[in-house]
Amino acid sequence: MTQQRDLLSDLHDLDFVRLLLAEMHDDLLGRVSRFRQLDDTVSAVGSRQSMIPGGEVAYAAWVEARSSFVHGNFVATVLLSQAFAEQVLAAMLIMGLDAEPIPAKIKFPVTLKRCIARGMISQQDADDLRRLMNLRNPLSHHRLIDDPTNLSRRAIDACIPGEEHLRRDATFAISMVVRLLALPMIRLGV
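Residues numbered from 1 in each chain as written. Predicted model: local features only at pLDDT ≥ 70, side-chain atom pairs only at ≥ 80, totals over all residues. Heavy atoms only, no water.

A. The overall build of the protein chain, seen in detail. Within the protein chain, the secondary structure is distributed over eight helices and zero strands. Counting from the amino terminus, the protein chain carries its helices and strands in the arrangement α-α-α-α-α-α-α-α. For the protein chain, the C-alpha atoms occupy an extent of roughly 65 × 45 × 45 Å along the three principal directions. Here the protein chain holds 190 residues, and the buried ones make up 33% of them. Counting contacts in the protein chain only where the partners sit at least 6 residues apart, residues at least 24 apart contribute 60% of the total. On the protein chain, the mean spot of the 22 positive side-chain charges and the mean spot of the 23 negative ones are 6 Å from each other. (Helix = DSSP H or I, 4+ residues; strand = E, 2+ residues; numbered from the N terminus. Buried < 20%, exposed > 50% of the residue type's maximum accessible area, 1.4 Å probe, protein only. Contact = heavy atoms within 4.5 Å. Lys, Arg positive; Asp, Glu negative; His and termini not counted. Charge placed at Lys NZ, Arg CZ, Asp CG, Glu CD.)

B. How the structure looks around the pattern of salt bridges. Scanning the model with the defined rule gives 11 salt bridges in all. Across the pair Arg130 and Asp127 runs a salt bridge, and its minimum N-O distance is 3.1 Å. Of this pair, Arg130 and Asp127 both sit in helix α6 (residues 123–140), three residues apart, roughly one helical turn. Of the residues examined, Arg130 reaches a relative accessible area of 30% and is grouped as partly exposed. A salt bridge links Arg167 to Glu164, with the shortest nitrogen-to-oxygen separation between them at 2.4 Å. Residue Arg167 and its partner Glu164 are located together in helix α8 (residues 162–181), separated by three residues, close to a single helical turn. Here Glu164 falls in the partly exposed class, since its relative accessible area comes to 22%. If you follow the salt bridges from partner to partner, you end up with Glu100, Arg114 and Arg118 in one network. (Salt bridge = Lys/Arg side-chain N within 4 Å of Asp/Glu carboxyl O.)

C. Up close: the environment of Phe35. Inspection of the secondary structure puts Phe35 in helix α2 (residues 28–44). Its relative accessible area of 52% is what places Phe35 among the exposed residues. Put simply, Phe35 and Ile145 are 110 residues apart on the chain and 33 Å apart in space, counted from C-alpha to C-alpha.

D. Representation of the packing of helix α5 (residues 108–117) against α6 in the model. Running from N to C, α5 and α6 cross one another at 170 degrees; their axes reach a closest spacing of 10 Å. Regarding the angle of α5 to α6, the classification is roughly antiparallel. Listed contacts from α6 to Phe108, Pro109, Leu112 and Ile116 of α5 are Gln123, Ala126, Leu129, Arg130 and Met133. In the contact of α5 with α6, the residues fall into seven nonpolar, one polar and one charged. (Axes fitted to C-alpha atoms, helices over the stretch in contact; angles between N-to-C directions. Parallel < 35°, antiparallel > 145°, perpendicular 65-115°, else oblique. Nonpolar A, V, L, I, M, F, W, Y, C, P; charged D, E, K, R; others polar.)

Structure, rendered in structure tokens:
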């Protein structure tokens, strides 16, 4: 009987450290730039203190979306930003003196409609959140190349690399999260 080799690799810890440092170095300026961009965006809305409705999932989505954006994980940023929006807005509906019951599994378009009706978000916010949903869907659900929302199709049609589309989508997505954090209902202080 032959011995099975390590499933991952023959690398030792120091080898992994070297690889990680090399990877961090490759996009260090981009990471710094995105971190600065995120900090500027958060600073622009005023107070950095917000209550995040939606519990641990919403909080984890915010923390991981920030990290994903800074580290250039743009697909993850879009997915996590959408998750954050869904968690926070549904939780906002069941908060406060004018709370209302919601279905156990509320669909995002229903959440948006209810939030607009209660004056929690503007029509522009809802339109932008639908745009975020439309950016997430083709990343989560397969689209054929002839679908205009397919990333490769978007890249071909606009003559812009797919990575640039993803960067722009992620920038929009993370800015939506910051806009939600700036909503009066969840901001703490001035």
